[in-house]
Amino acid sequence: MENAVKRIGVLTSGGDAPGMNACIRAVVRSANARGIECVGIRRGWQGLIAGDIMEMDNASVSRIINRGGTMLYTARSDEFRTLEGQKKAAATCKLLGLDGLVAIGGDGTFRGALALSRQAAEAGEHLQVVGIPATIDNDIGCSNYTIGFDTACNTAIECIDKLRDTMQSHERCSVVEVMGHRSGYLALYVGVAIGATAVLVPERPYDFEKHVAEKIRRARLSGKTNFMIVVAEGAASGMAVGEEIRRELGLDPRVTILGHIQRGGSPSAKDRVTATRMGYEAVQLLAEGKTNRIVCTSGEQIVNVDIDEGLAMTKTLDPEEFEVMTAMTGR
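Throughout, residues of each chain are indexed from 1 in the direction in which the sequence is written. Per-residue local features of the predicted model are confined to residues with pLDDT of at least 70, and side-chain atom pairs are confined, for both listing and counting, to 80 or more; whole-chain, interface and lining totals are unaffected and use all residues. To obtain the side-chain values, all non-hydrogen atoms of the structure were included, while hydrogens and water were left out.

Caption draft 1: Here's a closer look at the packing of helix 7 (residues 208-221) against helix 8 (residues 238-249). Contact pair helix 7 / helix 8: the axes reach a minimum separation of 11 Å and the direction vectors enclose 60°. One element, helix 7, and the other, helix 8, form an angle in the oblique class. When the axes of helix 7 and helix 8 are compared, the crossing they make is right-handed. Between helix 7 and helix 8, the contacting residues are F208, V212, A213, I216 and R217 on the first element and V241, E244, I245, E248 and L249 on the second. When residues are grouped by polarity, Ala, Val, Leu, Ile, Met, Phe, Trp, Tyr, Cys and Pro land in nonpolar, Asp, Glu, Lys and Arg in charged, and all others, Gly among them, in polar. Across the contact of helix 7 with helix 8, the residue classes break down as 7 nonpolar, no polar and 3 charged. All axes here are fitted lines through C-alpha atoms, helices being fitted over the stretch that makes contact, and every angle between N-to-C directions spans 0 to 180 degrees. Numbering of helices and strands starts at the N terminus; helices are DSSP runs of H or I of at least 4 residues and strands are runs of E of at least 2. Throughout, the term roughly parallel applies to angles under 35 degrees, roughly antiparallel to angles over 145, roughly perpendicular to angles from 65 to 115, and oblique to all others. If you view the pair so one helix is near and one far, a crossing is left-handed when the near helix is turned anticlockwise from the far one by less than a right angle, and right-handed when it is turned clockwise. Contact between two residues is taken to exist if any of their heavy atoms lie within 4.5 Å; hydrogens are not considered.

Caption draft 2: Seen up close, the packing of aromatic side chains. Aromatic pairs are defined between Phe, Tyr and Trp rings, using the six-membered ring for Trp, whenever the two ring centres lie within 6.5 Å; interplanar angles under 30 degrees are classed as stacked, those over 60 as edge-to-face, and all others as tilted. Overall, the coordinates contain 3 aromatic pairs when judged by the stated rule. With a centroid separation of 4.5 Å and an interplanar angle of 5°, the aromatic rings of W45 and F80 are classed as stacked. You can see W45 sitting in helix 2 (residues 44-50) and its partner F80 sitting in the loop between strand 3 (53-56) and helix 3 (83-96), a full 35 residues away along the chain. The pair W45 / F80 is uniform in exposure class, with both members buried. Measuring from ring centre to ring centre gives 6.1 Å for Y145 and F149, while their planes differ by 80°; the resulting arrangement is edge-to-face. Partly exposed describes any residue whose relative accessible area lies between the buried limit of under 20% and the exposed limit of over 50%, with all areas from a 1.4 Å probe on protein chains only and scaled to the type maximum. Taking the relative accessible area as the measure of exposure, F149 reaches 6% and is therefore buried. Linked through ring pairs, Y145, F149 and Y189 together constitute an aromatic cluster.

Put into structure tokens, the structure is as follows:
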């Protein structure tokens, strides 16, 4: 049967994450394998409004699977948040003859895709949309895993392992601030992996005496002379925690803010493979005539959910992982 979907677009939006390029590659090659044309939209929703596009084929995505960042660039768009901006984006889709769109990003990206689909419908057009979760925070409620998380964790772990060498040599305390405005997944995972003295996450109200001071005291009583405190940026300021340690405990901590280094670098094998599987699934959904879906993971399986349902889902820290961290750092 002739494929009803003739041409699709792909874009990346929000914060970049390692593995986005692998996902773009998978979308393009999966589409081409089905005889579907693919258009790359640069700079996210703003680029769709402006018509900032490029034709994509297998050659255009050759040798990008190992590259960090996103070849399509990403940008935030205040204009797209407005009804007028969404109408302009829908008009661009009509002009380009797009039957479907794959949006790679986070919750905001998925809300944008849903709004675009609705605007197209109101204009009498049919535009299928599928979202793919890519964020180092791993905070998408409907998916166990998001593209970029594994690479970001490995980057933070490598940096902290190197810091630990010098902290151990000088018998010092180190405070490391990692990313995570509203989510502590990265901090918790990294904290367990590097054997942190204490881990601070946004999901738990910050208590210096209980969560930092007492853990450092217990570590010192057990014979340790160097301490590693991992702080999610949404839990507390790394600089402020360092100052409290200096003032309350008389130590001379060194504070390191890893910042955007966690978003960069060549994606890990896990992120490359997950991104590829998700990109393939997104094109398959479009080819089957499905719309308003989010591709996600359930264990090791690639599944999909309705966008509205997916956005309504919440995600909490894994209780078992949190219990492990608590046991490793002392109660």
